Amino acid sequence: MSRPETSRAEAGTSDALGAFTVRPLDPLADAERVHGWVTHPKAAFWLMGGAKLQDVEREYMAIAAHPHHDAFIGLHDGEPAFLIERYDPTEVELKGLYEAEPGDVGMHFLVAPTDTPVHGFTRAVITAVMEFLFADPSVRRVVVEPDVTNSAVQALNKAVGFEVLREIAKPEKDALLSACTREQFEAATGGTDR
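These remarks concern the structure in this document. Position labels on residues start from 1 in each chain and follow its written sequence. Predicted model: local features are reported for residues with pLDDT of at least 70 only, side-chain atom pairs are reported and counted for 80 or more only, and whole-chain, interface and lining totals are derived from all residues. Here the side-chain values reflect all heavy atoms present in the structure, with hydrogen atoms and water set aside.

Overview of helix H2 (residues 53–65)
Moving on, step 1. If you check H2, its first and last C-alpha atoms are 18 Å apart, about what 13 residues at 1.5 Å a residue would give, namely 18 Å.
Moving on, step 2. Those residues of H2 hidden inside the fold are in contact with helix H1 (31–38), strand E3 (69–76) and strand E4 (79–87). We count a stretch as a helix when DSSP gives it H or I for four or more residues in a row; a strand needs E for two or more, and each element gets its number in order from the N terminus. Multiplying 1.5 Å by the helix residue count minus one yields the expected span of that helix. Residue contacts follow a heavy-atom distance rule, with two residues in contact if any of their heavy atoms lie within 4.5 Å.

Dropping the structure here:
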């Protein structure tokens, strides 16, 4: 997994919904915004509902310092709208829990809560996240481990090409280990250069 060389990266564009870009998360400058996102009731599966601002700062400072884990703020038409965590699954989250393949990258994403949802927005976000990850030519497959009860994200994962591999037990949850190759993503969405 290579870290991005630029401060902003194109994550994909949806003609109907506008432009999506990605920038590295700043653990201190972004902490208040991210705290509001991860503690919102709609983010229950993020498992940070009771976190204090300082907890969020510490968590993202640790991620920023970790050689195999990083975090990004996703922008929609220039405004912060989603969170991405990218990790090496052989070192973080899934270490020892699955059969890794060369070119695997792990991912978490969270769309900022809103009182005015836009139809298709979350699907556009996950598509942009996958385009961002596959923009790294060393990435051959994205792996995720959503909670077995999170049917909404499972449907989104399926829509962009993820295949459930099996259920796994993690310390914090029972998860559906799922993977999506570049080819599966392109077949499900019509390609990375839409």
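Now, onward.
Some details on the pattern of salt bridges
Moving on, step 1. Any Lys or Arg side-chain nitrogen found within 4 Å of a carboxyl oxygen on Asp or Glu counts as a salt bridge. Inspection of every chain in the model, using the stated rule, returns 11 salt bridges.
Moving on, step 2. Two residues, Asp70 and Arg86, come together in a salt bridge whose shortest N-O distance is 2.6 Å. In this pair, Asp70 is assigned in strand E3 and Arg86 in strand E4, connecting sequence segments 16 residues apart. Arg86 carries the same exposure label as Asp70, and that label is buried.
Moving on, step 3. Between Glu91 and Lys95 there is a salt bridge; the shortest N-O distance is 3.9 Å. Burial classes: relative accessible area under 20% of the type maximum marks a residue as buried, over 50% as exposed, and values in between as partly exposed (1.4 Å probe, protein chains only).

Considering the pairing of strand E5 (residues 104–111)
Moving on, step 1. Most of E5 is tucked away, with seven of its eight residues classed as buried.
Moving on, step 2. One ladder, built from three bridges, connects E5 with strand E6 (residues 141–144); its direction is parallel. Among the inter-strand pairings, Val105 is bridged to a residue of E6, identified as Val142.
Moving on, step 3. Crossovers are described as right-handed under a simple rule: with the strands pointing away from the observer, the path leading from the first strand over the helix to the second runs clockwise. Note on the crossover from E5 through helix H3 (residues 121–134) to E6: the handedness is right-handed. At least two DSSP bridges between two strands are needed for those strands to be called paired.

A short note on the nonpolar core
Moving on, step 1. Residues belong to one nonpolar core when they are buried, are Ala, Val, Leu, Ile, Met, Phe, Trp, Tyr or Cys, and are joined through side-chain atoms within 4.5 Å. The biggest cluster of nonpolar side chains holds 29 residues, and the ones touching the most others in it are Met107, Phe109, Val129, Met130, Val142 and Phe162.
Moving on, step 2. Among the elements of the structure, strand E2 (18–24), E4, E5, H3, E6 and helix H4 (151–159) are those that each provide at least two residues to this core.
Moving on, step 3. Discounting chain neighbours no more than four positions away, the residues touching Met130 are Met107, Val142, Val160, Phe162, Cys180 and Phe185.
Moving on, step 4. The next biggest cluster of nonpolar side chains, apart from the first, holds 17 residues, and it includes Val34, Trp46, Ala51 and Val56.

Points about the packing of aromatic side chains
Moving on, step 1. In summary, the pairing rule links any two rings of Phe, Tyr or Trp, Trp by its six-membered ring, whose centres are within 6.5 Å, and it sorts them by plane angle into stacked for under 30 degrees, edge-to-face for over 60 and tilted for everything else. Evaluation of the coordinates by the stated rule reveals four aromatic pairs.
Moving on, step 2. Between Phe20 and Phe121, the aromatic rings sit 5.7 Å apart at their centres with planes inclined by 45°, giving tilted as the arrangement. Of this pair, Phe20 sits in strand E2 while Phe121 is found in helix H3, placing the two residues 101 residues apart along the sequence. Both residues of the pair, Phe20 and Phe121, count as buried.
Moving on, step 3. Aromatic side chains Phe72 and Phe132 sit 4.9 Å apart centroid to centroid with 70° between the ring planes, which places their arrangement in the edge-to-face category.

Some points on the packing of H3 against H4
Moving on, step 1. For the pair H3 and H4, interaxial distance at closest approach is 10 Å and the crossing angle is 55°. On the basis of their axis angle, the class for H3 and H4 is oblique. The handedness of the crossing between H3 and H4 is right-handed. Residue-level inspection shows Thr122, Arg123 and Ile126 of H3 in contact with H4, the latter providing Leu156, Asn157 and Ala159.
Moving on, step 2. Within the contact of H3 with H4, the residues separate by chemical class into three nonpolar, two polar and one charged. Fitting a line to C-alpha atoms yields each axis, with helices limited to the stretch in contact; the angle taken between N-to-C directions then spans 0 to 180 degrees. Angular relationships are summarised with four words: roughly parallel below 35 degrees, roughly antiparallel beyond 145, roughly perpendicular across 65 to 115, and oblique for the angles in between. We call a crossing left-handed when the near helix sits turned anticlockwise from the far one by less than a right angle, and right-handed when that turn is clockwise. Residue polarity is assigned by list, with Asp, Glu, Lys and Arg as charged and Ala, Val, Leu, Ile, Met, Phe, Trp, Tyr, Cys and Pro as nonpolar; anything else, Gly included, falls into the polar class.

Geometric values such as these leave the question of function open.
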